[in-house]
Structures are given as C-alpha cells and as structure tokens.
Amino acid sequence: MKRVAILIEDLFDERELIYPYFRLLEEGYKVDLVGTDKDTVYVSKSGLKEKSTHSSKEVLARDYDAVIIPGGFSPDNMRRCPETVEFVREMYKANKLVAAICHGPWMMASACDLKGKKGNILLFNKG
C-alpha cells in the first residue's frame with residue numbers, strides 16, 4: 001500500500017487538505033496528517049479543526065511515497081519547524097513526489113532546489 005503524508009498546521013485551507021485526504025483514501029492509499037506535533041488539533045482559516053496523526057519529528061522520507069503541502073497560510077507556519085522542512089527536503093532528495101497547492105510552494109522554497117523552475121508549481125519532483 002502506498003503511503004502519503006499531508007502536512008498540517010494552523011491556518012490550512014480546508015479544501016486543500018480535506019479533498020486530497022479523502023480522495024487518496026478512496027484510491028487505497030494510507031494517508032497520514034503530519035504536523036509539527038502529533039495528536040495536535042490544528043485550525044483551518046475558517047475554523048475547521050483537524051488532528052495530526054504524526055509529528056514531523058517522527059516521520060522519515062523512506063516510509064512515504066509522496067508528500068502533499070496544502071495552502072492557506074499553513075505553509076508559512078510549516079517553514080518554522082526545522083523537522084518539517086527537513087522531511088520535505090529528504091522527500092525531494094529521494095526524488096519522491098512533492099505536491100504543493102496554492103501557497104504550498106512557500107514550503108518548497110525553504111526545502112527544495114527550485115532554481116530554474118518556472119510557472120505555477122502544483123505537482124513537482126526533481127525529475
């Protein structure tokens with residue numbers, strides 16, 4: 001079974017987190033919500049609450065096939081956690097799928113080598 005991490009922090013855009021989460025589950029993926037802290041309730045821009053299943057301190061890139069970075073203002077909060085940045089960096093270095101929605105590339109700017117990349121980046125890996 002393929003495993004996907006969806007990053008979560010306060011001020012996430014609920015559509016950009018919830019829709020990929022349920023679609024991936026419907027397709028048979030194991031999906032983890034990875035925040036700075038485990039079992040923590042994070043609040044979306046409009047007040048929706050979701051709880052993380054894992055902390056970025058405990059996840060390893062080798063255990064995942066992809067990471068999704070939802071937008072909203074959450075990527076700005078994600079970038080403040082060195083372990084979250086390092087997790088995304090390791091996913092990128094391993095040439096695994098790094099997907100960013102809306103403001104998600106803020107995290108990619110902190111974790112990935114985007115030199116020479118042009119246009120809107122919605123789905124991206126090194127290849």
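The structure this text deals with has already been given above.
### Side note on helix 3 (residues 82–93)
Piece 1. Its twelve residues give helix 3 an end-to-end C-alpha distance of 16 Å, which sits within 8% of 16 Å, the value for a rise of 1.5 Å per residue.
Piece 2. What helix 3 keeps buried is the set Thr84, Val85, Phe87, Val88, Met91 and Tyr92. Viewed end-on, helix 3 has its buried residues packed into an arc of 160°, placing them on one side of the element. For helix 3, exposure combined with an orientation more than 90 degrees from the buried face picks out Pro82 and Lys93.
Piece 3. Downstream of helix 3 by a residue or two, Asn95 has a phi angle that is positive, lying close to 60°.

### Things to note about helix 1 (residues 14–26)
Piece 1. Over its 13 residues, helix 1 runs 18 Å from end to end, which matches the ideal 18 Å to within 8%, given 1.5 Å per residue.
Piece 2. Within the sequence span of helix 1, burial applies to Glu14, Glu16, Leu17, Pro20 and Leu24.
Piece 3. Among the structural elements, strand 1 (3–7), strand 2 (30–35), strand 4 (49–51) and strand 6 (66–69) are those in contact with the buried residues of helix 1.
Piece 4. The opening residue of helix 1, the one whose side-chain oxygen lies 3.0 Å from the backbone nitrogen of Arg15, is Asp13.

### What to know about unusual backbone geometry
Piece 1. One non-glycine residue, Asp39, adopts positive backbone phi at about 55°.
Piece 2. In this structure, Asp39 sits in the loop between strand 2 and strand 3 (41–43).
Piece 3. Accessibility expressed as a relative area gives 48% for Asp39, which makes it partly exposed.
Piece 4. The backbone phi angle of Asn95 is positive, close to 60°, even though this residue is not glycine.
Piece 5. Summarising the element assignment, Asn95 is placed in the loop between helix 3 and strand 7 (97–100).

### Remarks on the packing of aromatic side chains
Piece 1. Per the stated rule, a full pass over the model turns up two aromatic pairs.
Piece 2. Ring centres of Tyr64 and Phe87 lie 5.6 Å apart, and the angle between their planes is 80°; on these two criteria the pair is classed as edge-to-face. Linking Tyr64 in the loop between strand 5 (54–55) and strand 6 with Phe87 in helix 3, this pair joins segments that are 23 residues apart in sequence.
Piece 3. Judged by its relative accessible area of 4%, Phe87 is buried.

The rules we used
Residues numbered from 1 in each chain as written. Predicted model: local features only at pLDDT ≥ 70, side-chain atom pairs only at ≥ 80, totals over all residues. Heavy atoms only, no water. Helix = DSSP H or I, 4+ residues; strand = E, 2+ residues; numbered from the N terminus. Expected span 1.5 Å × (residues − 1). Buried < 20%, exposed > 50% of the residue type's maximum accessible area, 1.4 Å probe, protein only. Arc of directions from axis to C-beta. Contact = heavy atoms within 4.5 Å. Polar contact = N/O pair within 3.5 Å; in protein donor to acceptor, adjacent residues only side chain to side chain. Phe/Tyr/Trp six-rings, centres within 6.5 Å; stacked < 30°, edge-to-face > 60°.

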